[in-house]
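Spelled out, the chains give:
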Amino acid sequence: MFGRRRKSEKTGADAVEESPAGAAPAVEPEKDADRHRVLGPWDPSEEVPEYPRVDLGCLRVPVGERTQIRFDMTPENRIIGVSLIDGPSMVQVQAFAAPKTSGLWDEMREELVEQITKQGGKVQPFDGAFGPELRAVVPVQGKKDEEGRQLGQPMRFIGVDGPRWVLRGVIRGEGAVKPEVMAKVEEVFQKIVVVRGDDPVPPREMLTITVPKEIQEQIKAQQAKRAEQAKAAQGAEPAQAQAPDPADGGAAASDEAARKA
């Protein structure tokens, strides 16, 4: 069983630094599953390696030169996840409250297998960088090939159990199928810090994601623009079929706005 390194005396979102050379592991390990996150994702109580991150409440997500942050929302504008987009790959992350000892990620995987199978998809358990994961082909609703066969989207479902939280990631794009790209997406996932907080939260409930003011303003501007475009498109005949917008169902934040937040 692996211990986790304790955090330095600094506090706050920016108080992260490299652990000292030869630092001893924590005396009291949290869970056996911690062996899958020796290099991250992190809890703020640990020695978190320094890296530029944006504070989103329960998540502190890495901000790189190529990384775009997208907030995944319901039609009622409720945030249900954060997607980190890096070129042709994307990982959607969600943090959930969990018991202190039980492996909630194990239960989540079993439920995912059942859901994907019922949808007509294919799923295979796999031992990945963060321990047990799922590699699947999930049917895309309303999409069929020229011969009428259902089309599917390759996905990877990864997750880790932390101290009283679970972080789940859904990888799409090249990061789900190309080995040379997978490591880059996994590195983004590793850099995330999950802030569980001390408030009582029922197990399995998603932890609250908050959006910095600068990004809120950008999202409102995007939503207003989309509303105008939708209104203008009413009654107009499409000239040709277009590829779906990868930001549909979400609102994206630019790199600059994320770094300022």
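What you are looking at is a predicted structure, and each value in this text was computed from that prediction instead of being measured. (Residues numbered from 1 in each chain as written. Predicted model: local features only at pLDDT ≥ 70, side-chain atom pairs only at ≥ 80, totals over all residues. Heavy atoms only, no water.)

Peer 1: Help me understand the overall build of the protein chain in this model?
Peer 2: Of the regular secondary structure elements, the protein chain holds four helices and 11 strands. Counting the 261 residues in the protein chain, one finds 41% classified as buried. Of all intrachain contacts in the protein chain linking residues separated by at least 6 positions in sequence, the fraction that spans at least 24 positions is 62%. Accessible surface for the protein chain amounts to roughly 14,900 Å². Of this, 50% is attributable to carbon and sulfur atoms. (Helix = DSSP H or I, 4+ residues; strand = E, 2+ residues; numbered from the N terminus. Buried < 20%, exposed > 50% of the residue type's maximum accessible area, 1.4 Å probe, protein only. Contact = heavy atoms within 4.5 Å. Areas by Shrake-Rupley, 256 points an atom, 1.4 Å probe, with all protein chains shown as cover.)

Peer 1: What am I meant to see in the packing of aromatic side chains here?
Peer 2: To describe a pair of aromatic rings, one takes the distance between the centres and the angle between the planes. Under the counting rule described, the total for this entry stands at one aromatic pair. When the centroid spacing of 5.0 Å and the interplanar angle of 70 degrees are considered together, the rings of Phe130 and Phe189 count as edge-to-face. Taken together, the positions of Phe130 in the loop between β6 (122-128) and β7 (131-144) and Phe189 in helix α2 (residues 179-190) put the pair 59 residues apart, joining distant regions of the chain. Residue classification places Phe130 among the buried positions, given a relative accessible area of 3%. Judged by relative accessible area, Phe189 falls into the buried class, the value being 0%. Between Arg135 and the ring centre of Phe126, over which it is positioned, the NZ or CZ distance is 3.5 Å. (Phe/Tyr/Trp six-rings, centres within 6.5 Å; stacked < 30°, edge-to-face > 60°. Lys NZ or Arg CZ within 6 Å of the ring centre and 35° of its normal.)

Peer 1: Explain the confidence of the model for the protein chain here, please?
Peer 2: A low pLDDT means the predicted coordinates there should not be read in detail. Summary statistics for the protein chain give a mean pLDDT of 79 and a share of 77% for residues scoring 70 or more. With pLDDT under 50 throughout, residues 8-29 is counted as low confidence; its partners more than four residues away or in other chains account for 32 contacts. Low pLDDT (under 50) marks residues 237-249, which in the prediction has seven contacts with non-local residues, meaning those over four places away or in another chain. (pLDDT = per-residue confidence, 0-100.)

Peer 1: Help me understand the nonpolar core in this model?
Peer 2: When a protein is soluble and globular, its nonpolar side chains tend to lie buried together. Residues Leu59, Phe71, Val82, Leu167 and Phe189 are the most contacted members of the largest nonpolar core, which totals 33 residues. For this core, the elements supplying multiple residues, two or more each, are β2 (59-62), β3 (67-73), β4 (79-86), β5 (89-97), β8 (150-162), β9 (165-173), α2 and α3 (213-233). Considering every element that reaches this core, the biggest residue donor is β5, with four residues. Apart from residues lying up to four places away in sequence, Leu167 is in contact with Pro41, Leu59, Val93, Gln94, Ala95, Ile158, Gly159, Val160, Phe189, Ile192 and Val194. (Core = buried A, V, L, I, M, F, W, Y, C linked by side-chain atoms within 4.5 Å.)

Peer 1: Would you mind going over the environment of Gly57 with me for this structure?
Peer 2: With respect to the helices and strands, Gly57 occurs in the loop between β1 (53-55) and β2. Look at Gly57 and you get partly exposed, because its relative accessible area is 25%. If we skip the residues at most four places from it in the chain, Gly57 touches Val195, Thr208 and Thr210.

Peer 1: Teacher, can you tell me more about the pairing of β8 here?
Peer 2: A regular strand places its side chains on the two faces of the sheet in alternate fashion. Direction of pairing for β7 relative to β8: antiparallel, over a ladder of seven bridges. The residue of β8 that forms the bridge with Val137 is Pro154. Between β7 and β8, which pair antiparallel and follow one another directly, the connecting turn spans five residues, one of which, Gly148, has a positive phi of 85 degrees. Relative to β9, β8 is paired through seven bridges, and the arrangement is antiparallel. Of the residues in β9, the one forming a bridge with Asp161 is Val166. Connecting the antiparallel pair β8 and β9 is a turn made up of two residues, with Arg164 showing a positive phi of about 70 degrees. (Pairing = 2+ DSSP bridges.)

Peer 1: Help me understand the side chain of Arg70 in this model?
Peer 2: Mapped onto the secondary structure, Arg70 falls in strand β3. At a separation of 2.7 Å, a polar atom in the side chain of Arg70 contacts the side chain of Asp72. (Polar contact = N/O pair within 3.5 Å; in protein donor to acceptor, adjacent residues only side chain to side chain.)

Peer 1: Could you clarify how one ought to interpret the sheet that holds β2 in this entry?
Peer 2: Adjacent strands of a sheet form backbone hydrogen bonds with each other and so pair up, either parallel or antiparallel. The three strands are arranged β1-β2-β10 in an open sheet whose pairing can be described as antiparallel. Looking at the sheet topology across the chains shown, the edges are occupied by β1 and β10 (193-194). As defined by bridge partners, β2 adjoins β10 across two bridges and the pair is classed as antiparallel. The residue bridging Leu59 from the neighbouring strand is Val194, located in β10.

Peer 1: I would appreciate a short explanation of the pattern of salt bridges in the present structure.
Peer 2: A pair can form between side chains of opposite charge whenever their charged atoms are brought close. Within the structure shown, the criterion is met by 11 salt bridges. A salt bridge links Glu133 to Arg156; the nearest nitrogen and oxygen atoms lie 2.9 Å apart. You can see Glu133 sitting in strand β7 and its partner Arg156 sitting in strand β8, a full 23 residues away along the chain. Summarising the burial analysis for this pair, Glu133 and Arg156 share the class buried. (Salt bridge = Lys/Arg side-chain N within 4 Å of Asp/Glu carboxyl O.)

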